[in-house]
Structures are given as structure tokens and as C-alpha cells.
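Descriptive analysis of the structure
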Amino acid sequence: MTCPEVVSRLDELADGELSPQVALEVRNHIDRCEACRREYELTRRIKEVLAGASTPDPGQERFRETE
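Read on for a plain summary of the structure. Counting starts from 1 at the beginning of each chain's written sequence and moves along it residue by residue. With pLDDT at 70 or above as the cut-off, local features in this predicted model cover only qualifying residues; side-chain atom pairs require 80 or more to be listed or tallied, and sums for whole chains, interfaces and linings still use all residues. Side-chain measures here rest on the full set of heavy atoms in the structure, leaving out hydrogens and waters.

**Examining the overall build of the chain**
Rules: A run of H or I in DSSP counts as a helix once it spans at least four residues, and a run of E counts as a strand once it spans at least two, with each numbered from the N terminus. Only C-alpha atoms enter the radius of gyration, while the globule expectation follows 2.2 Å times N to the 0.38, with N the number of residues. Think of it in three bands: residues with accessible area under 20% of the maximum for their type are buried, residues over 50% are exposed, and the middle band is partly exposed, with areas taken using a 1.4 Å probe on protein chains only. Note on contacts: a residue pair qualifies if any of its non-hydrogen atoms lie within 4.5 Å across the two residues. We get accessible surface area from the Shrake-Rupley algorithm with a probe of 1.4 Å; when it comes to residues, only the shown protein chains can shield them. Counted as positive: Lys and Arg. Counted as negative: Asp and Glu, with His and the chain ends omitted from the count. For charged residues, the charge sits on one atom: NZ in Lys, CZ in Arg, CG in Asp, CD in Glu.
For the chain, the count of helices and strands is five helices and zero strands. Tracing the chain from N to C terminus, the helices and strands come up as α-α-α-α-α. Since a compact globule built from 67 residues should have a radius of gyration of about 11 Å, the 18 Å found for the chain marks it as more spread out than a globular shape. Once the C-alpha set of the chain is aligned to its principal axes, its extents read approximately 55 × 20 × 20 Å. Burial statistics for the chain: of 67 residues in total, 19% are counted as buried. Across the chain, the fraction of contacts at a sequence separation of at least 24, relative to all contacts at a separation of at least 6, is 52%. When the accessible surface of the chain is summed, it comes to about 5,300 Å², and 50% of that surface belongs to carbon and sulfur atoms. Both charge centroids of the chain, one from 10 positive and one from 15 negative side chains, sit 5 Å from each other.

**Focus: helix H3 (residues 20–32)**
Given 3.6 residues per turn, any residue in an α-helix points the same way as the ones three and four places further on. Condition: The span expected for a helix works out to 1.5 Å for each residue beyond the first.
Taking 1.5 Å of rise per residue, the 13 residues of H3 would be expected to cover 18 Å, and the 19 Å separating its terminal C-alpha atoms lies within 8% of that figure. Here the buried face of H3 lies against helix H1 (3–7), helix H2 (10–14) and helix H4 (34–52).

**Points about the nonpolar core**
Let me state the cut-off plainly: Nonpolar cores were defined as sets of buried Ala, Val, Leu, Ile, Met, Phe, Trp, Tyr and Cys residues, with membership established by side-chain atoms within 4.5 Å.
Ranked by size, the top nonpolar core spans 11 residues in total: Val6, Leu10, Leu13, Leu18, Val22, Ala23, Val26, Ile30, Cys33, Cys36 and Tyr40. When contributions to this core are tallied by element, the ones reaching two or more residues are H2, H3 and H4. At four residues, the largest contribution of residues to this core is made by H3. Once you skip the residues sitting within four places of it in the chain, Ala23 turns out to touch Leu13 and Leu18.

**Regarding the packing of H3 against H4**
Heads up, the rule is: What counts as an axis is a line fitted to C-alpha atoms, over the stretch in contact for a helix, and the angles between N-to-C directions run from 0 to 180 degrees. Angles below 35 degrees are treated as roughly parallel, those above 145 as roughly antiparallel, those between 65 and 115 as roughly perpendicular, and all remaining angles as oblique. Handedness of a crossing follows from how the near helix is turned relative to the far one, being left-handed for an anticlockwise turn of less than a right angle and right-handed for a clockwise one. Gly is placed with the polar residues, together with every amino acid not listed as nonpolar (Ala, Val, Leu, Ile, Met, Phe, Trp, Tyr, Cys and Pro) or charged (Asp, Glu, Lys and Arg).
Where H3 contacts H4, the axes come no closer than 6 Å and their chain directions differ by 115°. Relative to H4, H3 is oriented roughly perpendicular. Between H3 and H4 lies a crossing of left-handed hand. The segment H3 lies against H4, with Arg27, His29, Ile30, Asp31 and Arg32 engaging Glu34, Cys36, Arg37 and Tyr40. For the contact of H3 with H4, a count of residues per class yields three nonpolar, one polar and five charged.

What follows is the structure, given as C-alpha cells:
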């Protein structure tokens, strides 16, 4: 796999959405390529931060304003 192919699949890898075979190919590349490994770690960290972020409740007043 090339770097562009791997980078295009990092979100899917982090989300566990790749087939076992493709996930193995991506992981093998990441094990050998420092740049793609850094990109994958950044992708994972961003997803972790976003998963832990709370969404403020705008309240019923805001919903009435938009109607």
C-alpha cells in the first residue's frame, strides 16, 4: 500500500470499519512508515477528544426561535 492509500483509510481503521485483510495491510504499512504512523496517532487522538466532548443543550427557547 502507498502512503496516500493508507492515509485515505486511517479514519476507517480508527473506527474499526475495515475488513480484517485491509486493516492488516494498513497496519503493516503503519508499522514501517513513520509519517503514516504519526498521521494515524493524530487521527486517533482527534477521535478520542471528539468522543469525549459534550454538546451543550441549547434549550427549548432556542428551538422556538428557529421555528
